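Per-entry structural report
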Amino acid sequence: FDLFLQMAATQDVKGKGEGGDQNFDYMFKLLIIGNSSVGKTSFLFRYADDAFTSAFVSTVGIDFKVKTVYKNDKRIKLQIWDTAGQERYRTITTAYYRGAMGFILMYDITNEESFGAVQDWSTQIKTYSWDNAQVVLAGNKCDMEEERVVSVDSGRLLAEQLGFEFFETSAKDNINVKQTFERLVDLICDKMSESLDTDPAVTTGAPTAKLTDSAPPLQQPGCNC
Amino acid sequence: MRPPVAKLGDFIPLFNDCISAASSRTQEYLLFKDPENNVCLKLTDTFNCTAMTPEQRILLGADWVWAVLEKPTKNPQIQIAVQVLHLLEREDAEENANPPETCSESVQIAQKESSNKTMYERLVDFCASIGKDCYALFLFFGKKNDKENIYGVLSNNFEAAIGKSDDDASYKHVSSLIEFSAVYLNGSTQKLIKTHNLNSRTNILQLDASLERYFHITF
């Protein structure tokens, strides 16, 4: 976990400027992946900007947003990378897997093909990321109940099989968006604390406070709609 | 297009206007009716333009991306990733090397992520990572003595020339490519008036009037 801690530890963001907020305790790099048009960009916009538009604009290559969250008086800066889902961008998107501490693997509950691709995306994570990366499976568009083709149970079962946490979400109706990110952050913090417990020597240069002292209760994974 | 910006040094609106102008001009060029039926890009209502975010401009080296979309999936079939180089701005920047004061946090992060490569290399890498159906188009604005016209180089094989230039100076690096097509857009008529395949170290800024009147991607 040495590298894991080093990556999470306070980083020096060079530069200056009005937006350059360098006061944070940890920097977590997260990726949102999944088939094209499952709602990755909308999900990120909802979380980072609390905004939603139904107009579909296909993401070109890769993009990201930054959001700061607080956990036990620690400021955690999230670098959230939004990836294009199309195969043609696979080379450029997988290049950003390296160094990611967490993934939101997203499918669309109204699109069977996107659910069927989850296993492949999981393999991509295993291939291009590292073993310690944490993953949350998100079944998005749960506001579209009438068009649902993937049941909650199917999603939950697949998540269990893959060893991932699971949420059904809606970027449109703002359901479980924040919870998904918060859970992913918790999982990463848990891993960091495990690392600290296992080998205190690796804490050199990193903050020593545990981030899991008062972990919040698990959220309801189903879609309450 | 909005009127020219009066305030010196306030280049951001000017830059945006340039992109807007280039976009409209080049769209017109792409819709140009080719009398010899040599146009490879068959443009339909599936033609799409996506402006990059400030972060994407740094990460991918592209200011915007044109794409011919496949129906009904909307998957891009042919893409042209465009990077604008404003030559007068570049001269100013070289004289005054200090970076702009307003630089958001996310832009700083993007710069840090991409610090090992130039903007040109990033665009070339981006296109190469997609494949031969993705073209990189460098558009040049503000050529001295010809500020109204836009020059450009287009290729899906720029990567073949990376490292072969013996001159590090910005656009010369691009313009000394082994093989590429040149596009010349006339500012007054806003139409493509000449293109040509160039060989070995022809300077894009020295194109003469003998070029042919059609657009043909032949790489």
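Placed above this text is the structure.
Remember, predicted model here, so these are calculated numbers, not experimental data.

Check the secondary structure of chain B and you find six helices and seven strands. Along chain B, helices (α) and strands (β) appear in the sequence α-β-α-β-β-α-α-α-β-β-α-β-β when read from the amino end. Buried positions account for 47% of the 219 residues belonging to chain B. For chain B, the proportion of contacts with a sequence separation of at least 24, taken over those separated by at least 6, is 54%. Roughly 11200 Å² of accessible area belongs to chain B as shown, and the carbon and sulfur atoms make up 51% of that amount.

We now examine the overall build of chain A. Looking only at helices and strands, chain A features seven helices and six strands. When the helices and strands of chain A are listed from N to C terminus, the series reads α-β-α-β-β-α-β-α-α-β-α-β-α. For chain A, with 225 residues in total, the buried portion stands at 53%. Summed over all atoms, the accessible surface of chain A reaches about 10000 Å², with 46% contributed by carbon and sulfur.

This brings us to the side chain of Arg148 of chain A. All names here are of chain A. Inspection of the secondary structure puts Arg148 in the loop between strand 5 (134–140) and helix 6 (152–162). A distance of 2.8 Å separates a polar atom in the side chain of Arg148 from the backbone oxygen of Val150. Residues contacting Arg148, with those up to four places away along its chain left out, are Ile109, Thr110, Cys142 and Glu168.

Residue and element names in this part refer to chain A. Running from N to C, helix 2 (residues 40–49) and helix 7 (residues 177–198) point in directions that differ by 85°, and their axes come no closer than 9 Å. One finds that helix 2 runs roughly perpendicular with respect to helix 7. Contacts between helix 2 and helix 7 involve Phe43, Arg46 and Tyr47 on the former and, on the latter, Val177, Lys178, Thr180 and Phe181.

Reading across from one edge, 2-3-1-4-5-6 (chain A) is the order of the six strands in this open sheet, with mixed pairing throughout. Single-partner strands in this sheet number two, and they are strand 2 (62–71) and strand 6 (165–168) of chain A. Recorded for the sheet is a direction-independent mean angle of 25° between the axes of neighbouring strands. Pairing between strand 5 of chain A and strand 6 of chain A: four bridges, direction parallel. Paired with Gly139 of chain A across the two strands is Glu168 of chain A, which belongs to strand 6 of chain A. Of the strands in this sheet, strand 1 (26–34), strand 2 and strand 3 (74–83) of chain A are in contact with helix 4 (residues 105–113) of chain B, which crosses strand 2 of chain A at around 120°.

Another aspect to go through is the environment of Ile130 of chain B. Relative to the helices and strands, Ile130 of chain B resides in helix 5 (residues 119–130). Considering only alpha carbons, one finds Ile130 of chain B and Gln79 of chain B, 51 residues apart in sequence, at a separation of 9.3 Å. With residues up to four places along the chain from it excluded, the contact list for Ile130 of chain B reads Arg88 and Tyr89 of chain A together with Gln79 of chain B.

Next up on the list: the nonpolar core. Judged by nonpolar contacts, the single largest core of 58 residues is most densely connected at Phe103 and Leu105 of chain A together with Phe126 and Phe138 of chain B. Top contributing element to this core by residue count: helix 5 of chain B, with six residues. Here Phe103 of chain A is in contact with Leu31, Ile33, Tyr97, Ile125, Ser129, Ala133, Gln134, Val135, Val136 and Leu184 of chain A, once residues within four sequence places are set aside. Core analysis: the second largest hydrophobic core is formed by 27 residues, Phe28, Phe43, Ile188 and Cys189 of chain A among them.

All names here are of chain A. Applying the stated criterion across every chain, the model contains 15 salt bridges over all chains. Residue Glu87 is joined to Arg90 by a salt bridge in which the shortest nitrogen-to-oxygen separation is 3.3 Å. Looking at Glu87, the relative accessible area reads 56%, which means it is exposed. Residue Arg90 is classed as buried on the basis of its relative accessible area of 15%. Between Glu182 and Lys178 there is a salt bridge, with its nearest N and O atoms 3.8 Å apart. Separated by four residues within a single helix, Glu182 and Lys178 lie in helix 7, roughly one turn from each other.

All names here are of chain A. For the coordinates displayed, the defined rule picks out 10 aromatic pairs over all chains. An aromatic cluster is present here, built from Phe43, Tyr47 and Phe181 joined pairwise through their rings. The ring of Phe45 has Lys65 sitting right over it, with the charged end atom 4.5 Å from the ring centre. Lying across the ring of Tyr47, Lys67 places its NZ or CZ 5.0 Å from the centre.

Quick look at the pairing of strand 4 (residues 102–108) of chain A now. The side chains of a regular strand alternate between the sheet's two faces. Residues and elements named next belong to chain A. Counting buried residues along strand 4, seven of its seven residues qualify, which places the element largely inside the surrounding structure. Both faces of strand 4 are covered, namely the face carrying Gly102, Ile104, Met106 and Asp108 and the face carrying Phe103, Leu105 and Tyr107. Inspection of the sheet shows strand 1 paired to strand 4 by five bridges, in the parallel sense. Note on strand 4: the bridge partner recorded for Leu30 is Gly102. Two strands pair when backbone bridges link them, and strand 4 and strand 5 are joined in this way by seven bridges, in the parallel orientation. By the bridge assignment, Ile104 is partnered in strand 5 with Val136.

Criteria and thresholds
- Residues numbered from 1 in each chain as written.
- Chains lettered and ligands numbered in written order.
- Predicted model: local features only at pLDDT ≥ 70, side-chain atom pairs only at ≥ 80, totals over all residues.
- Heavy atoms only, no water.
- Helix = DSSP H or I, 4+ residues; strand = E, 2+ residues; numbered from the N terminus.
- Buried < 20%, exposed > 50% of the residue type's maximum accessible area, 1.4 Å probe, protein only.
- Contact = heavy atoms within 4.5 Å.
- Areas by Shrake-Rupley, 256 points an atom, 1.4 Å probe, with all protein chains shown as cover.
- Polar contact = N/O pair within 3.5 Å; in protein donor to acceptor, adjacent residues only side chain to side chain.
- Axes fitted to C-alpha atoms, helices over the stretch in contact; angles between N-to-C directions.
- Parallel < 35°, antiparallel > 145°, perpendicular 65-115°, else oblique.
- Pairing = 2+ DSSP bridges.
- Core = buried A, V, L, I, M, F, W, Y, C linked by side-chain atoms within 4.5 Å.
- Salt bridge = Lys/Arg side-chain N within 4 Å of Asp/Glu carboxyl O.
- Phe/Tyr/Trp six-rings, centres within 6.5 Å; stacked < 30°, edge-to-face > 60°.
- Lys NZ or Arg CZ within 6 Å of the ring centre and 35° of its normal.

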